[in-house]
Amino acid sequence: MTATITDRPARSFRPLAGVLTAMAVSLTGTRVSAIALPWFVLATTGSATRTGLVAFVEMAPYVLVKALTGPLVDRLGPRLVSWTTDAVSAVAAGLVPLLQARGLLPFWALLVMVAVIGAMRGPGDLAKSVMVPEAADHARVPMERATGLAGVTERLASTVGPAVGGGLVALMGPLAGLAVNAGTFALGSLVIALALPRGMGRPVVPGVDSEPDPDAGPGASAQDGDGYWRRFREGFAFLRTEPLLLTVTLLIGVTNLLDAGFATVLVPVWARESGNGPVALGLIGSVMGVTAVAGSLIAAVLAHRLPRRTVFFVGYLAAGAPRFLVLALGAPMWLVVVVFAVGGLGAGFLNPILGALFFERIPRRLLGRVHALGDSLAWAGVPLGGILAGAAVALVGLIPSLLVAGLLYAASTTLTGLRPEWREMDRLRGHGGAEADGVGGQSGQSGQSGQSGLSEQGGQALAEDGAKEPARP
């Protein structure tokens, strides 16, 4: 049953602080690795194609496993999934510098370790993001503010991570950055396992944590948790009924593919061919991260008062194609920094809007499985991004590859905005879990995430910093 206002527990910021801390720690390590790993592959193999292959081997398991573990997150609880997957990631990430230092890391073994990390990161990232609305409930803050703070956390990681990664690679070599990544996974696991209050991140029990759904049919009560494939199908069926969420997800899928190729291959190759080196990777990533933090902070304060559709597409215009074109045109470093700074400011608004949109329209009992499917569709092209970018550089060179990718980015973010579904972006503001509006055929309230007049949610490094998610941080 849904709790009344008088039944609600005392306001507490501890759950939100704990989730955000765990996100900050693990994401910072991931962003350090996003500088160190491509540079390690380029330094040891000299091959842009192999660099793209490593990115593929990490991201393909990330996307696939994330898509398939949504029902498990709902059933086992996001807390258990988060700390266990981070612990496994820490072991796999730590083996890379250890084996390399002993001369026992052939390329195939690197691919195995990277694949394990990707497979664990998918459900781990999902589980942390699923806990954001519950933490917002405890803190009694608008959902837009909670997701804006999650966006700030992500952007801070995108600022500190590239700076630390670039410095470590320049001073101590890429293995140091990979060792730091292992340590941050371990610390993130400890935060989730030990620092969150008891009861936080438990499984959602149908009929206990949510009200019955009158449209769900006679079998969707306690039996909802009995079958994995039944849970999976229910999440897929819900997503199919949401034209806006599908349109958003497909747009993000296209831009994430382009961003992945840009970050994992095109920018490292540009840094090497221009002579700017790994320090430039850290500089532009940190500058973009600083301004993205500013954008996310503004979004946390003001996003619930601004028109989402306008802010969303202006942010995409600033954060997208200009980054590709400024590198293709051989602009001086100061202009590259300026363009990335403006892009970061625009990017800071995107994930808070995207995350809030998904949290508002998805019933809480379906959050893990629908969130996993949406994220996986949005990230489906990411594993191919590095492969395609590496092949393009090998076939036609860096400059044509940057120009074509930038033009594709501009076309996708302008033409998509003409579709009528975007008018729905501001409907259901202030509601959580698609509660009473019958969105997608679901009319049961599932969690009160947006009660007390509240609103929204917030969406990977330079490498993944451009990537958007329909509900992360």
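Residues numbered from 1 in each chain as written. Predicted model: local features only at pLDDT ≥ 70, side-chain atom pairs only at ≥ 80, totals over all residues. Heavy atoms only, no water.

Trainee: So what exactly am I meant to see when it comes to the overall build of the chain here?
Mentor: When helices and strands are tallied, the chain shows 18 helices and 0 strands. Per-residue burial for the chain yields a buried fraction of 61% across its 473 residues. When the accessible surface of the chain is summed, it comes to about 16,900 Å², and 70% of that surface belongs to carbon and sulfur atoms. (Helix = DSSP H or I, 4+ residues; strand = E, 2+ residues; numbered from the N terminus. Buried < 20%, exposed > 50% of the residue type's maximum accessible area, 1.4 Å probe, protein only. Areas by Shrake-Rupley, 256 points an atom, 1.4 Å probe, with all protein chains shown as cover.)

Trainee: What is the right way to look at helix H17 (residues 398-415) in this model?
Mentor: Each turn of an α-helix holds 3.6 residues, which means side chains three or four residues apart point in the same direction. For H17, built from 18 residues, the straight-helix expectation of 26 Å at 1.5 Å per residue is met to within 8% by its first-to-last C-alpha distance of 26 Å. Buried within H17 we find Leu398, Ser401, Leu402, Ala405, Gly406, Tyr409, Ser412 and Thr413. The arc enclosing the buried residues of H17, seen along the axis, measures out at 130 degrees, which places them on a common side. In this structure, H17 carries Val404, Leu407 and Leu415 as exposed residues pointing more than 90 degrees from its buried face. (Expected span 1.5 Å × (residues − 1). Arc of directions from axis to C-beta.)

Trainee: Would you explain the pattern of salt bridges in this entry?
Mentor: Charged atoms that come close allow side chains of opposite charge to pair. Using the criterion set out here, one finds 4 salt bridges in the structure. We note a salt bridge from aspartate 86 to lysine 128, for which the minimum N-O separation is 2.8 Å. With aspartate 86 in helix H4 (residues 78-101) and lysine 128 in helix H5 (residues 107-139), this residue pair connects regions lying 42 residues apart in the sequence. Lysine 128 carries the same exposure label as aspartate 86, and that label is buried. Between aspartate 125 and arginine 121 there is a salt bridge, and its shortest N-O distance comes to 3.8 Å. (Salt bridge = Lys/Arg side-chain N within 4 Å of Asp/Glu carboxyl O.)

Trainee: Looking at this structure, how should I read helix H2 (residues 48-68)?
Mentor: Along its 21 residues, H2 runs 31 Å from first to last C-alpha, staying within 8% of the 30 Å computed at 1.5 Å per residue. Its side-chain oxygen 3.0 Å from the backbone nitrogen of arginine 50, serine 47 forms the N-cap of H2. (Polar contact = N/O pair within 3.5 Å; in protein donor to acceptor, adjacent residues only side chain to side chain.)

Trainee: Hey, could you run me through the packing of aromatic side chains in this one?
Mentor: Each aromatic ring pair is summarised here by two numbers: the centre-to-centre distance and the angle between the ring planes. Taken as a whole, this structure holds 6 aromatic pairs when the rule is applied. Aromatic side chains phenylalanine 312 and phenylalanine 313 sit 5.2 Å apart centroid to centroid with 85 degrees between the ring planes, which places their arrangement in the edge-to-face category. Per residue, the accessibility class of phenylalanine 312 equals that of phenylalanine 313, and both read buried. Following the ring pairs from residue to residue traces out a cluster consisting of Phe262, Phe312, Phe313, Tyr316, Phe324, Phe340 and Tyr409. Sitting over the face of the ring of phenylalanine 107, arginine 50 holds its NZ or CZ atom 4.4 Å from the ring centroid. (Phe/Tyr/Trp six-rings, centres within 6.5 Å; stacked < 30°, edge-to-face > 60°. Lys NZ or Arg CZ within 6 Å of the ring centre and 35° of its normal.)

Trainee: When you look at the packing of helix H8 (residues 228-240) against helix H15 (residues 367-378) in this model, what are you seeing that I'm missing?
Mentor: The relative placement of two packed helices is expressed as an angle between their axes plus a distance between the axes. Across the interface, H8 lies against H15 with an axial gap of 8 Å and an inter-helix angle of 65 degrees. Judged by the sense of rotation from one axis to the other, the crossing of H8 with H15 is right-handed. Where H8 abuts H15, its residues Arg231, Phe232, Glu234, Gly235, Phe236, Phe238 and Leu239 lie against Arg369, Val370, Leu373, Gly374 and Leu377. Residue composition of the contact of H8 with H15, grouped by class: 7 nonpolar, 2 polar and 3 charged. (Axes fitted to C-alpha atoms, helices over the stretch in contact; angles between N-to-C directions. Left-handed = near helix turned anticlockwise from the far one by under 90°. Contact = heavy atoms within 4.5 Å. Nonpolar A, V, L, I, M, F, W, Y, C, P; charged D, E, K, R; others polar.)

Trainee: Before we go on, may I ask you to explain a nonpolar patch on the surface in this structure?
Mentor: On the surface, Leu72, Leu76, Leu80 and Trp83 cluster together into a nonpolar patch covering about 330 Å² of accessible area. Of all the secondary-structure elements, those providing two or more residues to the nonpolar patch are helix H3 (70-76) and H4. Locating tryptophan 83 in the fold gives a position in helix H4. On the accessibility criterion, tryptophan 83 (33% relative accessible area) is partly exposed. (Patch = residues over 30% accessible without salt bridge, like charges linked within 9 Å, V, L, I, M, F, W, Y side chains within 5 Å.)

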